[in-house]
Amino acid sequence: MSASSLASSVRPAGGRDRVRALQRVLYRSAKQDPERRFHALFDKVARSDVMWRAWDDVRANKGAPGVDGVSIQDVETAGVQPFLEDLAAELKAGRYRPKPLRRVHIPKPGRPGQTRPLGIPTVTDRLVMAAAKIVLEPVFEADFLASSFGFRPKRSAHMAIEAIRVAANRRGDWVLDADIKACFDEIDHEVLMADIGRRVVDRQMLKLLRCWLRAGIFEGGVITASGAGTPQGSPISPLLANIALHRLDQAWQGDARRAGTLIRYADDFVVVCRTAEQATDAWQWARTVLAETGLRVSPEKTRIVELTKGKQGFDFLGFHLRKVESWKWRGRWYLQRWPSSRAMKSVRAKIRQLTDRRYAGTELEIVVERLNPVIRGWGNYFRSGNSARKFSQIDSYVHERLAILASNKHKRSGRNWGTRFNSEWLARLGVYTLTGTVRYGTAHAPR
């Protein structure tokens, strides 16, 4: 697709955002012709409106400095406009070169002592990656299938959970609960670039993507070359992972579909099946397809779960899913969901940290101001489903922790939450409560 044809097509209609208009043109062009290959995309990355949108995205996500030590605040202090203009000039002149990723290890939520590696690009690289994602995403979004939910426009984790519920309630009594081993670290570069090349033939854009894949990792004063994987922690990494894992989605449009219903959220996926034999077949299909991209199904973390009459449950995207007998129609079992044990443990740890006894000298109103956003944010994610009992447990835990803190503050022994620091006292503090916030409606999972 030529740059001139795109330029003539992109016209802000009725004040519509020009970046959004560009994405609409790219998406429609790709959707209308599944065989179309785009050969003029790189010049869109350096467009001033695209660069500004990318800057807004990078600034909103915050993030630490890369190997050059330059932070977002440094760029704002020096001036964003000249920074973007200089970077656009480097891109147009072909002088831009990405720097290695700064490797850090961050704790895994709910897994004490365990960490996962994260590569932090420089602010400059994050900006160019975000701009490239703006241009590339609509092209590949036109090809992505309904079984994929992670890191896609107008799709969410709740929609993935709802799709599982629908499939399970249609006689889906077995589930392949799969885990891809080190997905972001082991994707084969050549296979990934071949998949990208089916849609993009712009040499400059392909060269840019290869440079990011081969930028290397800086850790302990040493730069290590990267022979596989995507730059995890970068703005474009989720898109690249979705492109690589699109092969799995495509397999379930063909023969693998007989094994069950695939629901994938980035590198996490389940297959809802009707029989144990189908679940076993699904495991074999997944193992075969993923091997083509250099990926492996982890045998230690992958299992086949029987949902029949609530025999077993499984965790997915923070929820625990299990079939529960209907109180209205006895003998009928339906899939329900509530916060997993790990999710409960994680939020309790945050509450415990914010109400530690070292804050006994702090005004309780200030403690509550810090506590409420944590409770509200956690509750907003889990309020869709059957979380009433778990919400009540968290409310009780918050009450207990604040009563202990107040007792320490006033040098009283015990909790005193049945007398002095009771529910009326808690309400006066303005503590956000989860009880009564559960929504039982569906998330409108697409068919």
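Located above this text is the structure these notes cover.
Summary of the structure given here. (Residues numbered from 1 in each chain as written. Predicted model: local features only at pLDDT ≥ 70, side-chain atom pairs only at ≥ 80, totals over all residues. Heavy atoms only, no water.)

Re a nonpolar patch on the surface
As a reminder of what qualifies: Each patch groups residues whose relative accessible area exceeds 30% and which form no salt bridge, using 9 Å between like charges and 5 Å between nonpolar side chains of Val, Leu, Ile, Met, Phe, Trp and Tyr. Only the protein chains shown count as covering a residue, and every accessible area follows the Shrake-Rupley method with a 1.4 Å probe. Whenever a carboxyl oxygen of Asp or Glu lies within 4 Å of a side-chain nitrogen of Lys or Arg, that contact is scored as a salt bridge. The helix count covers DSSP runs of H or I at least four residues long, the strand count covers runs of E at least two residues long, and both are numbered beginning at the N terminus.
On the surface, Val67, Phe218 and Ile223 cluster together to form a nonpolar patch covering roughly 230 Å² of accessible area. You can see Phe218 is positioned in strand β4 (residues 217-219).

Digging into the environment of Ile404
When you line up the elements, Ile404 lands in helix α16 (residues 388-409). Taking the C-alpha atoms as reference points, Ile404 and Arg18, 386 residues apart in sequence, are found 55 Å from one another.

Digging into the sheet that holds strand β11 (residues 333-339)
Keep this limit in mind: Any two strands between which DSSP finds at least two bridges are classified as paired. Helix axes are fitted only over the stretch in contact, all axes being lines through C-alpha atoms; the angle between N-to-C directions runs from 0 to 180 degrees. Residue contacts follow a heavy-atom distance rule, with two residues in contact if any of their heavy atoms lie within 4.5 Å.
The three strands are arranged β9-β10-β11 in an open sheet whose pairing can be described as antiparallel. Sheet topology places β9 (313-316) and β11 at the edges, where each strand pairs with a single neighbour. For this sheet, the mean inter-axis angle between neighbouring strands, taken without regard to orientation, is 30°. Strand direction decides the pairing type here: strand β10 (residues 319-325) and β11, joined by seven bridges, are antiparallel. Bridging from a neighbouring strand, Leu321 pairs with Arg337 of β11. On top of the sheet, helix α8 (residues 157-168) reaches β9, β10 and β11; it is set at about 155° to β11, its chief contact.

Observations regarding the sheet that holds strand β7 (residues 268-273)
A sheet is described by the order of its strands in space; here four strands give the open sequence β6-β7-β3-β8, paired in antiparallel fashion. At either end of the open sheet lies a strand with only one pairing partner, and these are β6 (261-265) and β8 (303-306). Each neighbouring strand pair of the sheet contributes to a mean axis angle of 20°, computed without reference to strand direction. As paired elements, β6 and β7 share five bridges and run antiparallel to each other. Each residue of the ladder has a partner; that of Tyr265, found in β7, is Asp268. Across the sheet, α8 is in contact with β6 and β7; its angle to β6 comes to roughly 165°. Lying over the sheet, helix α13 (residues 276-291) contacts β3 (174-179), β7 and β8, oriented at roughly 145° with respect to β7.

So, the side chain of Thr230
Selection criterion: In the analysis that follows, any N or O atom pair within 3.5 Å is treated as a polar contact, provided that within protein one partner can donate a hydrogen and the other can accept it, and provided that, for residues neighboring in sequence, both atoms belong to side chains.
Within the secondary structure, Thr230 sits in the loop between β5 (222-224) and α12 (237-251). A polar side-chain atom of Thr230 sits 3.0 Å from a polar atom in the side chain of Ser237. When sequence neighbours within four positions are dropped, the list of residues in contact with Thr230 reads Phe184, Ile187, Leu192, Leu213, Ser237 and Leu240.

Comments concerning the nonpolar core
Test applied: To form a nonpolar core, buried Ala, Val, Leu, Ile, Met, Phe, Trp, Tyr and Cys residues must be joined to one another through side-chain atoms within 4.5 Å. Relative accessible area decides the class of each residue, using a 1.4 Å probe on protein chains only: under 20% of the type maximum gives buried, over 50% gives exposed, and in between gives partly exposed.
Counting residues in each nonpolar core, the largest one holds 78 residues, and the members touching the most others are Leu136, Ile196, Met205, Trp212, Ile236, Trp252 and Phe269. In terms of residue count, the dominant contributor to this core is helix α7 (residues 123-141) (12 residues). One finds Leu335, Ile351, Phe382 and Phe391 within the second-largest nonpolar core, a separate group that totals 51 residues.

Concerning unusual backbone geometry
The phi torsion at Lys154 lies on the positive side, around 60°, for a residue other than glycine. Looking at the secondary structure, you find Lys154 in the loop between α7 and α8. Taking relative accessible area as the criterion, Lys154 reaches 77% and is therefore assigned exposed. At Lys309, a residue that is not glycine, the phi angle is positive and equals roughly 50°. Take Lys309: it is sitting in the loop between β8 and β9.

Side note on the packing of aromatic side chains
Selection criterion: The criterion for an aromatic pair is that two Phe, Tyr or Trp rings (for Trp, the six-membered ring) have centres within 6.5 Å, with stacked assigned to planes under 30 degrees apart, edge-to-face to planes over 60 apart and tilted to the rest.
Scanning the model with the defined rule gives eight aromatic pairs in all. Taking 5.9 Å as the distance between ring centres and 45° as the angle between the ring planes, the aromatic pair formed by Phe151 and Tyr265 counts as tilted. You can see Phe151 sitting in the loop between α7 and α8 and its partner Tyr265 sitting in strand β6, a full 114 residues away along the chain. By relative accessible area, Phe151 is classed as partly exposed at 46%. Note on Phe421 and Trp425: the rings are 4.9 Å apart at their centroids and 55° apart in plane angle, and the pair reads as tilted.

So, the pattern of salt bridges
For the structure shown, the criterion picks out 24 salt bridges. Arg152 is paired through a salt bridge with Glu141; the nearest N and O atoms lie 2.5 Å apart. Taken together, the residues span a long stretch of sequence, with Arg152 in the loop between α7 and α8 and Glu141 in helix α7 at a distance of 11 residues. Here the salt bridges do not stand alone but share partners, grouping Asp195, Arg198, Arg247 and Glu292 into one network.

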